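Structural overview for review
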Amino acid sequence: MNIWLAPLIVGIVSSVLSALIVIVDSIVNNYGEVEIDINNGKKKLKVKGGSPLLFTLASENIFVPSACGGRGSCGACKVKVLSDVGEYLPTELPYMSEEETKENIRLSCQIKVKKDIKIQLPEELFNVKKLTGKVVSIKNVTHDIKEVRIKLPEEINFKAGQYVQIVVPPYDKIKQPTQRAYSIASTPSKKDEIDLLIRLVPGGIATTYVHNYLKEGDNLEVIGPFGEFYMRDTDADMICVAGGSGMAPIKSIVLDMYERGITNRNVWYFFGARTEKDLFYVELFKDLEKKWSNFHFIPALSEPIEPEKWNGEVGLITDVMVKYLENVVDKNTKKEGYLCGSPGMINACEKLLNEHGIKDVYYDKFA
């Protein structure tokens, strides 16, 4: 079997199984009113039983992150369950580690609220909002990445580096709403407006909609903020690495630091791209370098189209990082890593940072 098809097949099978379980259960059973106890009584909800926990919580304006919108194919909607809800379903196990099963972490889209249940949620989820914003700007920043600016009807409080989920409405042959997660590229100082960087993925439901159907003036449903990827409050030097639309959270973090006057920390930002046409915001960061002496922006091309005209670094981003970590960056300071991109890039960069004594590494890994 083609290894690239395996995750897709798992997702499709999980989605089909989920749908069958929901249909059969809804026909056979009526569970009446049940109670959801959240965080040992901090919140108690009286709800109608029978629906998946993910949707039941959402109906009470408590939103658990779910990149697939509850179809059982992303593994993101994990919650800790403190009461008995039965054995793990086969649709859950592919997404669970051994440690998570010991802690009774479950997929909230897969477990039904059939009786009183006790769960534990991060406190910050109580601040998540579901809002309908208006698209005020769509710009091409590269040949396959669009910057989408959304004006929100009210403010949201987020940390630089966090993400939101957008709800893509049905279109063309897509018959159901689809949720996808995208990091916020703008700074928290603009609380009623967010920028997203959305790269076109061939066949991607959400990215196809954004690139081919979404227009300025359209409404777009947004849920958030979510995520644990943000700047830690230390004085350590920061080694930041991104590629493609992984630019979004790093851009937010770096610009937020400058806005708030957190300029005492050394920040090394390595941005990897394939060719010149994949680079963007270069002028923005080069200008920031002039104003912030501790900020260093290092764009690198792995396959420059015109190498004789390219004055920057050439090679894989990991090779460029080695060059700087061994010859330029101060070896005697404490450092933290901040990474955003594909799993392959994240894994390679984390391994490299660990080899250079950098153990505190935070990342936002694309699914």
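Residues numbered from 1 in each chain as written. Predicted model: local features only at pLDDT ≥ 70, side-chain atom pairs only at ≥ 80, totals over all residues. Heavy atoms only, no water.

**Notes on the pattern of salt bridges**
Per the counting criterion, the structure on display carries 20 salt bridges. Between K80 and E103 there is a salt bridge, with the nearest N and O atoms lying 2.9 Å from each other. Residue K80 is located in strand β3 (residues 78–81), and its partner E103 is located in the loop between α3 (98–102) and β4 (105–107); the two are separated by 23 residues in the primary sequence. Under the relative-accessibility criterion, K80 is labelled partly exposed at 25%. Overlapping salt bridges, with partners in common, bring together R149, E193 and D195 in one network. (Salt bridge = Lys/Arg side-chain N within 4 Å of Asp/Glu carboxyl O. Helix = DSSP H or I, 4+ residues; strand = E, 2+ residues; numbered from the N terminus. Buried < 20%, exposed > 50% of the residue type's maximum accessible area, 1.4 Å probe, protein only.)

**Comments concerning the sheet that holds strand β13 (residues 267–273)**
Sheet strands associate in pairs through backbone hydrogen bonding, adopting either a parallel or an antiparallel arrangement. Read from one edge of the open sheet, six strands run β15-β14-β13-β12-β16-β17, paired in parallel fashion. A strand with exactly one partner marks an edge of an open sheet, and here the two such strands are β15 (313–314) and β17 (361–365). Strand direction decides the pairing type here: strand β12 (residues 237–243) and β13, joined by six bridges, are parallel. Across the sheet, residue A242 finds its bridge partner in β13, namely F271. Most of the contacts of helix α6 (residues 282–291) go to strand β14 (residues 295–301), to which it runs at about 150 degrees, and overall it touches β13 and β14. Across the sheet, helix α7 (residues 317–327) is in contact with β12, β13, β14 and β15; its angle to β13 comes to roughly 155 degrees. (Pairing = 2+ DSSP bridges. Contact = heavy atoms within 4.5 Å. Axes fitted to C-alpha atoms, helices over the stretch in contact; angles between N-to-C directions.)

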